[in-house]
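# Structural characterization, general
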Amino acid sequence: MRLLVIDGNSIANRAFYGIKLLTTKDGRYTNAIYGFLNILLSLLKESEPDEVAVAFDLKAPTFRHKMYDGYKATRHKMPDELAAQLPVIRQLLALLGYREVTAEGWEADDILGTLAAACAARSDDCFLATGDRDSLQLVSDTTTVLLATTALGRSKTVTMDVDAVKEKYGVTPRQLIDVKSLMGDTSDNIPGVKGIGEKTAMTLVKNFGTLDSVYDHLDSPIIKPRQRENLLACREDAYLSHTLGTIRTDAPIDTAEGAYKVAEGNKPAAVRLMQELEIQTLITRFG
């Protein structure tokens, strides 16, 4: 069985910024809707899944926000033009027969992680479609990340398996968590260790393997005196960052085989909505 899990917010975000603002004659924004559906068609062609789940974030604070007040505190508010399109994307997906997955207090990343773990337990193949590199930690023998990127103004998907992650970063997928716990993450406002950037974090993880092992070898000559001082001073931040940066695999969602079979939906209503949105070219592509 092959399961495709789509990070709905992330792909909608990529679609929105990857295409210039489009509107209908009566002023409804449609660029994220059009881009999302195009990306969906490409993903279906590339992965040929037996089942498809689409994960979305909810507005409620997650367990990470409760753990650390500063989590994602520096994020800009979603543009109104994109916010107006998200409910329409979700409506269209439902009409096309795709099942949406959410869990209050959990992020879409954790839904991706939970479904990937369920597939691994069954030795099924799982494809995670996202624009978020955090999900690369989930890559395994059974899980492949289809990373949505933009190059020269055009959207494209990069397939990241275990070998691709090792080739690009020089560490295993799981070690990316240790790297982030040292260098932090400005986009999510994860603190990391003061004074340690990506290059140093990579060097430390390549040499010692894990965050625990870095702290077990603080007297190593590989670690410079100033780095040692910062590691000692920011030990609590490093371990908090490790917890914040680890995608969970136990979200309270349906993980049963067959739960995400694409349903019949309501194709006539989907056609009418696409016509209203003036994206007729996609109607025939969805059959």
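Each remark here, short or long, concerns the structure printed above.
What comes next concerns the included structure.

About the criteria used
- Residues numbered from 1 in each chain as written.
- Predicted model: local features only at pLDDT ≥ 70, side-chain atom pairs only at ≥ 80, totals over all residues.
- Heavy atoms only, no water.
- Helix = DSSP H or I, 4+ residues; strand = E, 2+ residues; numbered from the N terminus.
- Rg over C-alpha atoms; globule rule 2.2 N^0.38 Å.
- Buried < 20%, exposed > 50% of the residue type's maximum accessible area, 1.4 Å probe, protein only.
- Contact = heavy atoms within 4.5 Å.
- Lys, Arg positive; Asp, Glu negative; His and termini not counted.
- Charge placed at Lys NZ, Arg CZ, Asp CG, Glu CD.
- Pairing = 2+ DSSP bridges.
- Salt bridge = Lys/Arg side-chain N within 4 Å of Asp/Glu carboxyl O.
- Arc of directions from axis to C-beta.
- Axes fitted to C-alpha atoms, helices over the stretch in contact; angles between N-to-C directions.
- Parallel < 35°, antiparallel > 145°, perpendicular 65-115°, else oblique.
- Left-handed = near helix turned anticlockwise from the far one by under 90°.
- Nonpolar A, V, L, I, M, F, W, Y, C, P; charged D, E, K, R; others polar.
- Phe/Tyr/Trp six-rings, centres within 6.5 Å; stacked < 30°, edge-to-face > 60°.
- Lys NZ or Arg CZ within 6 Å of the ring centre and 35° of its normal.

Here we come to the overall build of the chain. Helix and strand content of the chain: 14 helices and six strands. Here the C-alpha atoms of the chain give a radius of gyration of 20 Å, agreeing with the 19 Å that 2.2 N^0.38 yields for 287 residues. Buried positions account for 50% of the 287 residues belonging to the chain. For the chain, contacts bridging at least 24 residues in sequence account for 70% of all contacts bridging at least 6. Averaging the coordinates of the 34 positive side-chain charges in the chain and doing the same for the 39 negative ones gives two points 5 Å apart.

Judged by how many residues are buried, strand E2 (residues 51–55) sits mostly within the fold: five of five residues are covered. Every second residue of E2 is oriented toward a common face, with Glu 51, Ala 53 and Ala 55 on one face and Val 52 and Val 54 on the other, all of them buried. The pairing of strand E1 (residues 2–7) with E2 spans five bridges and is parallel. Looking across to E2, one finds that Asp 7 is bridged to Ala 55.

Within the element layout of this structure, Thr 246 appears in the loop between helix H12 (235–245) and helix H13 (267–276). Overall, Thr 246 belongs to the buried group, its relative accessible area being 18%.

For the rest of this paragraph, the subject is the pattern of salt bridges. Once their charged atoms are close, side chains differing in charge can pair, the charge on each being opposite to the other. On inspection of all chains with the given rule, the structure shows 14 salt bridges. One salt bridge in this structure joins Arg 99 and Asp 254, with 3.4 Å as the shortest N-O distance. Of this pair, Arg 99 sits in strand E3 (residues 99–101) while Asp 254 sits in the loop between H12 and H13, and the two are 155 residues apart along the sequence. Take Asp 254: its relative accessible area is 32%, and that puts it in the partly exposed class. The structure contains a network of salt bridges with shared partners spanning Arg 64, Lys 72, Glu 107 and Asp 110.

This next bit is on H13. Residues Ala 269, Ala 270, Leu 273 and Met 274 constitute the buried set of H13. Along the axis of H13, the buried residues cluster in a sector spanning 135 degrees; they form a single face. Looking at the buried side of H13, the elements it contacts are helix H2 (31–47), helix H5 (86–95) and helix H14 (281–285). With its phi angle positive at about 60 degrees, Glu 278 sits one or two positions after the end of H13.

As a packed pair, H2 and H5 sit with axes 9 Å apart at the nearest point and diverge in direction by 40 degrees. When the interaxial angle is binned, H2 and H5 end up oblique. Crossing angle aside, the handedness with which H2 passes H5 is right-handed. The segment H2 lies against H5, with Ala 32, Ile 33, Phe 36, Leu 37 and Leu 40 engaging Val 88, Ile 89, Leu 92 and Leu 93. Of the residues assigned to the contact of H2 with H5, the class counts are nine nonpolar, no polar and no charged.

This next bit is on the packing of aromatic side chains. Centre distance and the angle of the planes are the two values used to describe a pair of aromatic rings. Scanning the model with the defined rule gives three aromatic pairs in all. With a centroid separation of 5.0 Å and an interplanar angle of 85 degrees, the aromatic rings of Phe 16 and Tyr 17 are classed as edge-to-face. Judged by relative accessible area, Phe 16 falls into the buried class, the value being 8%. On the accessibility criterion, Tyr 17 (55% relative accessible area) is exposed. Between Tyr 215 and Tyr 239, the aromatic rings sit 5.7 Å apart at their centres with planes inclined by 40 degrees, giving tilted as the arrangement. Note that Tyr 215 is positioned in helix H10 (residues 211–216) and Tyr 239 in helix H12, a separation of 24 residues in sequence. Residue Tyr 215 is classed as buried on the basis of its relative accessible area of 6%. Above the ring of Phe 56, the side-chain terminus of Arg 90 is found at 4.6 Å from the ring centroid.

Take Leu 211: it is sitting in helix H10. When the C-alpha atoms of Leu 211 and Asp 178 are compared, they prove to be 5.4 Å apart, with 33 residues separating the residues in sequence. What Leu 211 contacts, discounting residues up to four positions off in sequence, is Asp 178, Ser 181, Leu 182, Ala 238, Tyr 239 and His 242.

Attention now goes to unusual backbone geometry. Positive phi values are uncommon outside glycine, yet Glu 48 reaches one of about 45 degrees. Residue position: Glu 48 is located in the loop between H2 and E2. Exposure remark for Glu 48: the relative accessible area of 58% places this residue in the exposed category.

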